[in-house]
Amino acid sequence: SQKIEQNSEALNIQEGKTATLTCNYTNYSPAYLQWYRQDPGRGPVFLLLIRENEKEKRKERLKVTFDTTLKQSLFHITASQPADSATYLCALDMVGDRLAFGKGNQVVVIP
Amino acid sequence: GAGVSQSPSNKVTEKGKDVELRCDPISGHTALYWYRQSLGQGLEFLIYFQGNSAPDKSGLPSDRFSAERTGGSVSTLTIQRTQQEDSAVYLCASSPMTGSQETQYFGPGTRLLVL
């Protein structure tokens, strides 16, 4: 069966450090992968998209990697700040113009 | 430019009642999606509209759930004979076009509580 796995345990990290989140998937062949941020009581907000032929994508303090052999994407927040505290969702494209979302991984940045 | 809006923001209803949830997508966005998010769970796909094509209803959990999109814009998700397990946040998203790796823009969601 198809699965998208993100760590269910919250990641607690000291301000200024780099937070790294993992998204693993099985039985998918995505052409691209997206990362979203979700704050409590709000809808997800798009952050980054990385295509299958791209190894790495950056946006400000965010970096995403995509390894189609390992079936894994890593999401990094460098120089983390308390305002980065949120839940981060990975999403894979599916046939039929749909996205399949992981359950998300919560990040807590400690001042 | 307004984002995706949803109403009501919160809805409390009694088991067995029908509810209607509304989504106003971003103007010009041809694709519209409904998702359900239960506490601690990921986004569960419900239904997808694209232009004038027949909607993809493959995610609707039962025949109590239905949705329509009028004039290619506003969408309404209807849940008939609500059950307690329908309690969740219902999220709507729109996208400008499909097949081009477009991102989805989400509304704030409707929090539904079935007593």
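First, a word on what this report is: a plain description of the structure on this page.

Analysis parameters
Residues numbered from 1 in each chain as written. Chains lettered and ligands numbered in written order. Predicted model: local features only at pLDDT ≥ 70, side-chain atom pairs only at ≥ 80, totals over all residues. Heavy atoms only, no water. Phe/Tyr/Trp six-rings, centres within 6.5 Å; stacked < 30°, edge-to-face > 60°. Helix = DSSP H or I, 4+ residues; strand = E, 2+ residues; numbered from the N terminus. Buried < 20%, exposed > 50% of the residue type's maximum accessible area, 1.4 Å probe, protein only. Lys NZ or Arg CZ within 6 Å of the ring centre and 35° of its normal. Pairing = 2+ DSSP bridges. Axes fitted to C-alpha atoms, helices over the stretch in contact; angles between N-to-C directions. Contact = heavy atoms within 4.5 Å. Buried area = accessible area lost by both parts, 1.4 Å probe. Salt bridge = Lys/Arg side-chain N within 4 Å of Asp/Glu carboxyl O. Disulfide = S-S within 2.5 Å.

Some points on the packing of aromatic side chains
The relative placement of two aromatic rings is captured by the distance of their centres and the angle of their planes.
Moving on, step 1. Going through the model one piece at a time under the given rule, you end up with twelve aromatic pairs over all chains.
Moving on, step 2. Measuring from centroid to centroid gives 5.2 Å for Phe75 of chain A and Tyr88 of chain A, while their planes differ by 35°, and the two rings are tilted. In this pair, Phe75 of chain A sits in strand E8 (residues 72–77) while Tyr88 of chain A sits in strand E9 (residues 86–94), placing the two residues 13 residues apart along the sequence. Considered together, Phe75 of chain A and Tyr88 of chain A belong to a single accessibility category, that of buried residues.
Moving on, step 3. Three or more aromatic residues link up through ring pairs in this structure, and these residues are Tyr36, Phe46 and Phe101 of chain A together with Tyr33, Tyr35, Phe45, Tyr48 and Phe106 of chain B.
Moving on, step 4. Seen from the ring of Phe45 of chain B, Arg98 of chain A lies directly overhead, with NZ or CZ sitting 3.8 Å from the centre.

Focus on the sheet that holds E8 of chain A
Residue and element names in this part refer to chain A.
Moving on, step 1. Reading across from one edge, E1-E3-E8-E7-E6 is the order of the five strands in this open sheet, with antiparallel pairing throughout. Bordering the open sheet on either side are strand E1 (3–6) and strand E6 (56–59), each of which pairs with just one other strand. This sheet shows a mean twist of 15° between the axes of neighbouring strands, independent of strand direction.
Moving on, step 2. Of the pairings in the sheet, the one linking E6 to strand E7 (residues 62–67) comprises four bridges and is antiparallel in character. By the bridge assignment for E7, Lys57 is matched with Val64.

Things to note about the interface of chain A and chain B
Moving on, step 1. Across the contact, 20 residues belong to chain A and 22 residues belong to chain B.
Moving on, step 2. Buried area between chain A and chain B, both sides added, is near 1,600 Å², and the carbon and sulfur share of it is 51%.
Moving on, step 3. When the area that chain A buries against chain B is broken down by residue, the three leading residues are Asp97, Arg98 and Phe101 of chain A, summing to 33%.
Moving on, step 4. Here chain A is connected to chain B by one salt bridge.
Moving on, step 5. A salt bridge links Asp56 of chain B to Arg98 of chain A; the shortest N-O distance between them is 3.6 Å.

What to know about the pairing of strand E11 (residues 105–110) of chain A
Residue and element names in this part refer to chain A.
Moving on, step 1. On E11, burial follows the alternation: Asn105, Val107 and Val109 on one face are buried, whereas Gln106, Val108 and Ile110 on the facing-out side are not.
Moving on, step 2. Inspection of the sheet shows strand E2 (residues 11–14) paired to E11 by four bridges, in the parallel sense. Bridging from a neighbouring strand, Leu11 pairs with Val107 of E11.
Moving on, step 3. Both E9 and E11 contribute to a ladder of three bridges, which runs antiparallel. Counted as the bridge partner of Thr87 is Gln106 from E11.

Looking at the pattern of salt bridges
Moving on, step 1. By the definition in use, this model includes nine salt bridges over all chains.
Moving on, step 2. One salt bridge connects Glu54 of chain A with Arg51 of chain A, and the closest N-O pair in it is separated by 3.8 Å.

As for the state of the cysteines
Moving on, step 1. Evaluated as defined, the whole model comprises two disulfides over all chains.
Moving on, step 2. Between the sulfur atoms of Cys23 of chain A and its disulfide partner Cys90 of chain A the distance amounts to 2.0 Å. Its S-S torsion of approximately 60° makes the covalent link between Cys23 of chain A and Cys90 of chain A right-handed. Here the residue Cys23 of chain A occupies a position in strand E3 (residues 19–26), and Cys90 of chain A occupies one in strand E9, the gap between them amounting to 67 residues. For the pair Cys23 of chain A and Cys90 of chain A, a shared accessibility class is recorded, and that class is buried.
Moving on, step 3. In this model, Cys23 of chain B is linked to Cys92 of chain B through a disulfide, with the two sulfur atoms separated by 1.8 Å. Here the disulfide of Cys23 of chain B and Cys92 of chain B is left-handed, its torsion about the S-S bond being about -60°.

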